[in-house]
Amino acid sequence: MSAHLDAFLDMLTAERGAAVNTRLAYERDLADLGRWLAQRSVALEAAGTEDLRAYLAVQSKDGAPRTVARRLSAMRQFYRFLLSEGRRTDDPASPLDSPKQGRPLPKILTEAEVGAMLSTAEARGGPEGLRLVALLEVLYATGLRVSELVGLPMTAIMRDGRGLLVRGKGGKERMVPLSDPALAALAGYIPFRGHFIPASGGAGGEAGHSPFLFPSRSSAEGHLTRQRFAQLLKQLAIDAGIDPEKVSPHVLRHAFATHLLDHGADLRSVQKMLGHADIATTQIYTHVVTERLKKVMHDHHPLARRKVEEASEG
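Cut-offs used in this document
- Residues numbered from 1 in each chain as written.
- Predicted model: local features only at pLDDT ≥ 70, side-chain atom pairs only at ≥ 80, totals over all residues.
- Heavy atoms only, no water.
- Helix = DSSP H or I, 4+ residues; strand = E, 2+ residues; numbered from the N terminus.
- Buried < 20%, exposed > 50% of the residue type's maximum accessible area, 1.4 Å probe, protein only.
- Salt bridge = Lys/Arg side-chain N within 4 Å of Asp/Glu carboxyl O.
- 1 Å grid on protein atoms, 1.4 Å probe; cavity = no way out; pocket = protein on both sides within 12 Å on 5 of 7 lines; lining within 4 Å.
- Points joined across faces, edges and corners; volume = space filled by probe spheres on them.
- Nonpolar A, V, L, I, M, F, W, Y, C, P; charged D, E, K, R; others polar.
- Phe/Tyr/Trp six-rings, centres within 6.5 Å; stacked < 30°, edge-to-face > 60°.
- Lys NZ or Arg CZ within 6 Å of the ring centre and 35° of its normal.

A.B. asks: I'd like a rundown of the environment of A43, residues and numbers included.
C.D. replies: Following the sequence through the fold, A43 ends up in the loop between α2 (20–38) and α3 (49–62). Classification of A43 by relative accessible area gives partly exposed; the value is 36%. Through-space distance from the C-alpha of A43 to that of L33 is 9.9 Å; in sequence the pair is ten residues apart.

This is the structure in structure tokens:
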């Protein structure tokens, strides 16, 4: 390693209090740059802007934008250090532009995967199974945030029984309609809701009573916790033959929005149901739909298949 790199890493630890993993990450990234520069007979501390730009161009072809951005950050700090220490008279990394990372598309589940999870939950039966079906159906029908879902009070059910009055971020209330399957799931679960109410009544409730739609006998909050619901979903995914890493309450919220748009819902309606203050936040789901349509066209359009066949024959 370069003595200059050693000095930079020591500075990170001594002056900035960098953690061991942070120091190792900088060392890996800058050592990789050093090896690449050595192949061009350029010392790490002597690299020019064009050398660094050429290195980043190679990285951009093979690596993710986040990785390239991280390596550029390491380069900037290293050469800024050399400049501040008087070991260089310029900063070759300062003219370099950061790569465009874009906004990552949300993970989603297919309609078939959601259906498989619901069928698996229904097969369980008993109070636990009925509660899980109700949670899934309400979440998939409304796209509620997980904190909104598990903390729903009984009073959230509207008088006509066809929807929920939800208090979201900033205390804002919104009305969210319930689908027929969600209504049926709630009707099946509510008679067994008492199974989850502690004898003392729990937080905010009298003995044998609870104000929550999804009470809990063990949580300090008096209702099912976000963490417990996430655990239940992971286990359900495993039982349904779905990768549990794909499944979380937030992914089901994404599925709700994406599947609505798939079936022709307008963006404003989805925005209102999700409780987004800005429609720009909701627009990310239009990109998901677009990407899925592109894949369908690529995989199934006759012309796309013909091009693949021609390429393989060539």
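A.B. asks: Residues and numbers for the pattern of salt bridges, please.
C.D. replies: Enumeration over the complete set of coordinates arrives at 15 salt bridges. We note a salt bridge from K246 to E113, for which the minimum N-O separation is 2.6 Å. On the criterion of sequence distance, the pair formed by K246 in the loop between α9 (226–239) and α10 (249–262) and E113 in helix α5 (residues 111–124) is long-range, its members being 133 residues apart. Its relative accessible area of 29% is what places K246 among the partly exposed residues. The salt bridge partner of R145 is E148, with a shortest N-O separation of 2.7 Å. Residue classification places R145 among the buried residues on the basis of a relative accessible area of 13%.

A.B. asks: Explain the layout of surface pockets to me, using residue names and the numbers behind them.
C.D. replies: Taken as a whole, the second largest pocket encloses approximately 170 Å³ of empty space. Every residue along the wall of the second largest pocket is listed here: S147, E148, G151, L152, P153, T155, A156, L165, V166, R167 and E173. Counting only elements with at least two residues in the lining of the second largest pocket, the list comes to α7 (146–150) and β1 (163–167). Examining the composition of the lining of the second largest pocket, we find that three residues originate from one element, β1, more than from any other. Its residues placed into classes, the lining of the second largest pocket shows five nonpolar, three polar and three charged.

A.B. asks: Account for unusual backbone geometry, naming residues and giving values.
C.D. replies: In this model, S41 sits at a positive phi of 60 degrees, which is unusual for a non-glycine residue. Mapped onto the elements of the fold, S41 is located in the loop between α2 and α3. The class for S41 is exposed, based on a relative accessible area of 71%.

A.B. asks: Run through the packing of aromatic side chains, naming residues and quoting values.
C.D. replies: Scanning the entire structure with this criterion turns up seven aromatic pairs. Taking the centre distance of 5.7 Å and the plane angle of 55 degrees together, the rings of F8 and F81 count as tilted. Here F8 is found in helix α1 (residues 3–14), whereas its partner F81 is found in helix α4 (residues 65–84), with 73 residues between them in sequence. F81 shares its class with F8; the two are buried. A centroid spacing of 5.3 Å and a plane angle of 25 degrees characterise the contact between Y189 and F214, whose relative ring orientation is stacked. Taken as a pair, Y189 in helix α8 (residues 180–189) and F214 in the loop between α8 and α9 lie far apart in primary sequence, 25 residues in all. For the pair Y189 and F214, a shared accessibility class is recorded, and that class is buried. Among the aromatic residues, those joined into a ring-pair cluster are F8, Y26, F78, Y79 and F81. Against the face of F196 rests R131, its NZ or CZ located 4.2 Å from the ring centre.

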